[in-house]
Amino acid sequence: MSKTTEQKFMDLLKEQSAYGEAIGLMAWDMRTKAPRKGIEGRSEVIGVMSQKVHEIQTSDEMRGYIDKLKNKAQDPILKRAVEEAEETYDKTAKIPANEYRAYVTLQTQAESMWGEAKSNNDFESFRPYLEKLVEYNRKFADYWGYGDHRYDALLNNYEPGVTVEVLDKVFPKVRKALTDLLKQIKEAPNQPDPTVLQGHFSKERQAEFSEVILERMGYDFEAGRLDETVHPFAIGLNTNDVRVTTKYDEKDFRTAVFGTIHEGGHALYEQNIDPKLAFTPLADGTSMGIHESQSLFWENFIARSEGFWRNHYELFKNYAPGHFQNLSLEKFYPAVNEVKPSLIRIEADELTYCLHIMVRYELEKALIAGEIEVKDLPELWNQKMEDYLGTTPENDSEGVLQDIHWSGGDFGYFPSYALGYMYAAQLNSKMREEIDVDRSIEEGDFHKIKEWLTENVHQYGKMKKPLQILNDITGEGLNPDHLIDYLTNKYKKIYQF
Ligand code: ZN
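If you're wondering where the values come from, they're calculated on a predicted model, not measured in any experiment.

Analysis parameters
Residues numbered from 1 in each chain as written. Predicted model: local features only at pLDDT ≥ 70, side-chain atom pairs only at ≥ 80, totals over all residues. Heavy atoms only, no water. Helix = DSSP H or I, 4+ residues; strand = E, 2+ residues; numbered from the N terminus. Rg over C-alpha atoms; globule rule 2.2 N^0.38 Å. Buried < 20%, exposed > 50% of the residue type's maximum accessible area, 1.4 Å probe, protein only. Contact = heavy atoms within 4.5 Å. Areas by Shrake-Rupley, 256 points an atom, 1.4 Å probe, with all protein chains shown as cover. 1 Å grid on protein atoms, 1.4 Å probe; cavity = no way out; pocket = protein on both sides within 12 Å on 5 of 7 lines; lining within 4 Å. Points joined across faces, edges and corners; volume = space filled by probe spheres on them. Nonpolar A, V, L, I, M, F, W, Y, C, P; charged D, E, K, R; others polar. Pairing = 2+ DSSP bridges. Expected span 1.5 Å × (residues − 1). Phe/Tyr/Trp six-rings, centres within 6.5 Å; stacked < 30°, edge-to-face > 60°. Lys NZ or Arg CZ within 6 Å of the ring centre and 35° of its normal. Arc of directions from axis to C-beta. Donors = N, O, S within 2.8 Å, 3.2 Å for Na, K, Ca; no water. Tetrahedral: all angles 85-135°; square planar, octahedral: opposite > 155°, others 65-115°. Core = buried A, V, L, I, M, F, W, Y, C linked by side-chain atoms within 4.5 Å. Domains from an automatic or database assignment. Buried area = accessible area lost by both parts, 1.4 Å probe. UniProt positions renumbered as here; feature names shortened; annotations may be inferred.

Draft legend 1. Layout of the overall build of the protein chain. Scanning the protein chain for helices and strands turns up 20 helices and three strands. The C-alpha atoms of the protein chain give 23 Å as radius of gyration, which agrees with the globular expectation for 497 residues (23 Å, within 12%). A burial count over the protein chain gives 53% of its 497 residues as buried. Sequence-distant contacts in the protein chain: of pairs separated by 6 or more residues, those separated by 24 or more amount to 72%. Of the roughly 22,600 Å² of accessible surface on the protein chain, a fraction of 47% belongs to carbon and sulfur atoms.

Draft legend 2. Molecular detail of the layout of surface pockets. Computed from the structure, the second largest pocket encloses a volume of approximately 660 Å³. Every element with two or more residues in the lining of the second largest pocket is listed here: helix 11 (288-302), helix 12 (306-318), helix 13 (329-336), helix 16 (415-434), helix 17 (437-443) and helix 20 (481-495). A per-class count over the lining of the second largest pocket returns nine nonpolar, eight polar and 11 charged.

Draft legend 3. Quick look at the pairing of strand 2 (residues 234-238). Here strand 2 pairs with strand 3 (residues 241-246) via four bridges, running antiparallel. Residue pairing for strand 3: N238 is matched across the bridge by D241. Between strand 2 and strand 3, which pair antiparallel in sequence order, lie two residues.

Draft legend 4. Layout of helix 1 (residues 5-32). If you check helix 1, its first and last C-alpha atoms are 41 Å apart, about what 28 residues at 1.5 Å a residue would give, namely 40 Å. Every buried residue of helix 1 is listed here: F9, L12, L13, Q16, I23, G24, M26 and W28.

Draft legend 5. Broad picture of the packing of aromatic side chains. In the structure shown here, the tally under the stated rule is 38 aromatic pairs. Look at Y158 and Y413: their rings are 5.2 Å apart centre to centre, the planes differ by 70°, and that puts the pair in the edge-to-face class. Placement of Y158 in helix 7 (residues 150-158) and of Y413 in the loop between helix 15 (377-389) and helix 16 is noted, with a sequence separation of 255 residues between them. Judged by its relative accessible area of 15%, Y158 falls in the buried class. Taken together, a centroid distance of 5.9 Å and an interplanar angle of 20° make the contact between F201 and F324 stacked. Pair noted here: F201 is in the loop between helix 8 (164-187) and helix 9 (203-217) and F324 is in the loop between helix 12 and helix 13, with a separation of 123 residues, a long-range link. Across the pair, exposure class does not vary: F201 and F324 are buried alike. In this structure, R63 packs its charged tip against the face of Y89, placed 4.8 Å from the ring centre. Its end group placed over the ring of Y460, K464 keeps NZ or CZ at 3.9 Å from the ring centre.

Draft legend 6. Representation of helix 9 in the model. Look at helix 9: 21 Å from first C-alpha to last across 15 residues, which is about the 21 Å you get at 1.5 Å a residue. Restricting attention to buried positions, one finds in helix 9 the residues Q206, A207, F209, S210, I213, L214 and M217. Down the axis of helix 9, the sector holding all buried residues measures 165°, keeping them to one side. Turned more than 90 degrees off the buried face of helix 9, the exposed positions are E204 and E215. For helix 9, the secondary structure elements touched by its buried residues are strand 1 (226-228), strand 3, helix 10 (254-271), helix 11, helix 12 and helix 18 (447-456). Positive backbone phi, approximately 100°, marks G218, located one or two places after helix 9.

Draft legend 7. How the structure looks around the coordination of the zinc ion. Of the protein atoms, only H262 (NE2), H266 (NE2), E292 (OE) and E292 (OE) coordinate the zinc ion, at distances of 2.1 to 2.6 Å. Around the zinc ion, the four donor atoms sit at angles spanning 50 to 128°, and that spread fits a shape best called irregular. Read N to C, the donor residues that coordinate the zinc ion are spaced as H-x3-H-x25-E. With a gap of 30 residues between them, H262 in helix 10 and E292 in helix 11 connect regions that are remote in the sequence. Overall, the relative accessible area of 11% leaves E292 in the buried class.

Draft legend 8. Highlighting the nonpolar core. L130, W298, W309, F324, F332, L377 and I449 are the most contacted members of the largest nonpolar core, which totals 131 residues. A total of 11 residues in this core trace back to one element, the largest contributor, which is helix 14 (residues 353-369). Viewed by domain, this core spans two of them, domain 1 (5-145) and domain 2 (164-495), each represented by three or more residues. If sequence neighbours within four positions are ignored, F324 has contacts with V196, L197, F201, F253, Y313, F316, K317 and F332. If you look at the next biggest cluster of nonpolar residues, it comprises 18 residues, including I56, A81, I273 and L282.

Draft legend 9. Fine view of the domain arrangement of the protein chain. With domains assigned, the protein chain is organised as domain 1 (5-145) and domain 2 (164-495). For domain 1 and domain 2, the distance between their C-alpha centroids amounts to 27 Å. Across the boundary between the two partners, domain 1 contributes 36 residues, which contact 42 residues of domain 2. In this assembly, domain 1 packs against domain 2 so that about 3,500 Å² is buried in total across both faces, 65% of it on carbon and sulfur atoms.

Draft legend 10. Quick look at the UniProt feature "active site" (unreviewed entry) in the protein chain. Sequence positions flagged by UniProt for "active site" (unreviewed entry) are, in local numbering, E263. The topology assignment puts E263 in helix 10. In this structure E263 comes out as buried when scored by relative accessible area, which is 9%. If sequence neighbours within four positions are ignored, E263 has contacts with P232, F233, A234, V244 and T245.

Draft legend 11. Representation of the UniProt feature "binding site: Zn(2+)" (unreviewed entry) in the protein chain. Sites flagged by UniProt as "binding site: Zn(2+)" (unreviewed entry) map to H262, H266 and E292. With the annotated positions falling across 31 residues, the maximum pairwise C-alpha distance of 8.7 Å places them together in a single cluster. Looking at the element boundaries, H266 is found in helix 10. H266 gets classed as buried once you look at its relative accessible area, which sits at 11%. Setting aside residues no more than four positions away along its own chain, H266 makes contact with A234, H291, E292 and S295. Discounting residues that sit within four places of it in the chain, E292 has contacts with H262, H266, S416, Y417 and G420.

Next up, the structure:
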């Protein structure tokens, strides 16, 4: 018996996701275990296989199935899979093939030029590459089309439904609240002493503690593993193989503890997607922002809370032999929550982090609109850092060159980080109406929390769009008040103002 169009379409998606899994596994290997000399060749293999995925996504065969099944599919998974395949097809097909190839080559060159420019503190050497990347992104946005703002076309790649109009309503409010809070914190009578956290913490013990915490969060080690890397990430190969990586700093335990929990939050999302979505593009997080809401929820709302440490401080001491024997929880907890504006985004505390994102958002938005040019970036960057965080970089390496994203042409991505914070705060408020979160945290029993997240977020994968998930859970759209209230209450208590 010959196969139906439906079956043939699903087979093609399966082929696409098989390549995706192979690429993911190679990428994980490259960043954890692969010998140094193997990396160059491996990158080429990944390039070849990515090209294959691209060919499948834009093939006449795919277009044919989409046209036949569109508006006819009854099954909800099939229906969403067709929609998703069509979105990808349209997005890719709108870019002329020769421009796409030139762009991919440019990305690779720009990324290595960025690495050099950053270590040599030499923005000028990177500038021509960044100018071309910006030019391409302006063009792509025009191909894709947009409503009010050209930047909307790029935002749509990461956070469908969120526009400049939405962000420009929300971000200034958050910025005002955060800068006000920051001012009060600086003048507050009670300043935490982070030096009490100093010491030497062996990698091995840190790894053991990381495993214990992941286990408690409900991370399934039978369907995942924990490894060491330089730039931590979590990767879902399929729902039964979701891997976490972390980094151990023997002088600062916070890197691994909060880093592992953060990546663990991403991993829980991927492990708990409905298995029915396997081998389709829907077996993935619905957006960068929702993904980040999961990691930030666990990292900040759980692991940086007082209740978490009330329960875990004694346990933690077992993994930090010789430390903290005379340090009370009343000194330890504020120290791990110290607020200190930093130049580097990835070192930022939970309060100032969003301000870093706003610096980048405003610059990206103006760049893509053509209101500013690449040559203006270093000066504008430094000015905004001073305005929002009260700190000015001494050089471009710790300023405009610090993040890798732009070198890969990832414009429109940064806002997802701040959106993730706001989503997480909204989920936190709602979850607290429905279950006793504090009790779960203090008892170290996170099952109810994990189940709530699975039921409301994880299981859907890409079946729902980000704002639909948010709306179905909370009954409202993006609302920054939850984040502002949470941060205000927390830091008022810690800094006593
Ligand atoms: Zn993350």
